[in-house]
Amino acid sequence: MKILGIESSSLVASVAVVTDEVVTAEYTVNFKKTHSQTLLPMIDEVCRMIELDLSEIDAIAVSGGPGSFTGLRIGSATAKGLGLALKKPLIHVPTLDAMAYNLYGTSALICPMMDARRNQVYTGVYRFEQEFETVMEPCMMDTRELARELNKYGERVILLGDGVPVNAQIFKENLEVPFSFAPAQCSRQRGASVAVLGGVYFAEGKTETAMEHKPDYLRKAQAERELEEAKRQGKVAELAAGHSVGDGSQREGKA
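The rules behind each value
Residues numbered from 1 in each chain as written. Predicted model: local features only at pLDDT ≥ 70, side-chain atom pairs only at ≥ 80, totals over all residues. Heavy atoms only, no water. Axes fitted to C-alpha atoms, helices over the stretch in contact; angles between N-to-C directions. Helix = DSSP H or I, 4+ residues; strand = E, 2+ residues; numbered from the N terminus. Left-handed = near helix turned anticlockwise from the far one by under 90°. Contact = heavy atoms within 4.5 Å. Nonpolar A, V, L, I, M, F, W, Y, C, P; charged D, E, K, R; others polar. Pairing = 2+ DSSP bridges. Polar contact = N/O pair within 3.5 Å; in protein donor to acceptor, adjacent residues only side chain to side chain. Buried < 20%, exposed > 50% of the residue type's maximum accessible area, 1.4 Å probe, protein only.

Colleague: How should the packing of helix α1 (residues 35-49) against helix α2 (residues 69-86) be read in this particular structure?
Modeller: A packed helix pair is summarised by two numbers, namely the angle formed by the two axes and the spacing between the axes. Two numbers describe how α1 lies on α2: the axes approach to 10 Å, and their chain directions differ by 35 degrees. Considering the relative orientation of α1 and α2, their crossing is right-handed. Across from His35, Ser36, Leu39, Leu40 and Ile43 in α1, the residues of α2 making contact are Gly71, Ile74, Gly75, Thr78 and Leu82. By residue class, the composition of the contact of α1 with α2 is five nonpolar, five polar and no charged.

The following block contains the structure:
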């Protein structure tokens, strides 16, 4: 079985091929380039290096969100285009699930975090005992509230993701349970984790067609929030004229 994994939910762009539970290729870049510039050339390079004809893959696993609206759309469009062209199924892999899978086998709770700005993160809580288990479903949460939730479990926790550096001090001040920050090699999104977890879901029959696939953003885009706020304030004309009316973030306590 060959699974192509695509990850573009954040600044990280990563693609991987997993063949019969072996990572045969992975290409990851964490740099300020748009995924529209990087993903297809990365896939092409991976295929060239391992002499892979994309028609040989069984499915395409794609990181399905939450994350950057633009990044998710580019990853989704890439996966859908390949799926349609190759007539291959897609596997929707929640981004936070795949991040947690980086730490497979740990006895600690796993808490991936993606920076959502204004002291908020996209997050979830996971553990491994006999199998991979979701303890807290993916959501967007204030970091201090997350610290309080983690304290309730009373267990050691490993924190990872780009939400860690910008919020590290908050966790140092508010976490009462033993905790650590994941090391660099497993602290960000990886195409290999998307592909491996995608392989698990593929075996369980959790696939979708290219036409069915859509990202899970967990919140509305800023433009949608701004329009709703303009309607609430009766300032749609001002918004249409290019004037900012805010997006309701401070009123709603959201990023």
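Colleague: I tried to follow the sheet that holds strand β1 (residues 2-7) on my own but got confused; where do I start?
Modeller: Strand pairs in the sheet, formed through backbone hydrogen bonds, run parallel or antiparallel to each other. The strand order across the open sheet formed by five strands is β3-β2-β1-β4-β5, and the pairing between neighbours is mixed. The sheet is open, and its two edges are formed by β3 (22-30) and β5 (90-93), each paired on a single side. Going across the sheet, the axis of each strand differs from the next one's by a mean of 15 degrees, ignoring polarity. The strands touched by α2 within the sheet are β1, β4 (59-63) and β5, with β4 carrying the most contacts at an inclination of about 170 degrees. Each of β1, β2 (12-19), β3, β4 and β5 touches helix α6 (residues 191-203); the most contacted strand, β1, lies at about 130 degrees to it.

Colleague: How do you make sense of the side chain of serine 193 when you look at a structure like this?
Modeller: Among the structural elements, serine 193 can be located in helix α6. Within the structure, serine 193 has its side chain in polar contact with the side chain of asparagine 102 (distance 2.4 Å). Ignoring anything within four residues of it in the chain, the contact list for serine 193 reads Ala98, Tyr101, Asn102 and Gly198.

Colleague: So what exactly am I meant to see when it comes to the environment of serine 180 here?
Modeller: Along the chain, serine 180 turns up in strand β10 (residues 179-181). In this structure serine 180 comes out as partly exposed when scored by relative accessible area, which is 29%. Between the C-alpha atom of serine 180 and that of leucine 160, which follows or precedes it by 20 residues, the distance is 8.9 Å. The contacts of serine 180, once residues within four sequence positions are left out, are Arg156, Val157, Ile158 and Leu159.

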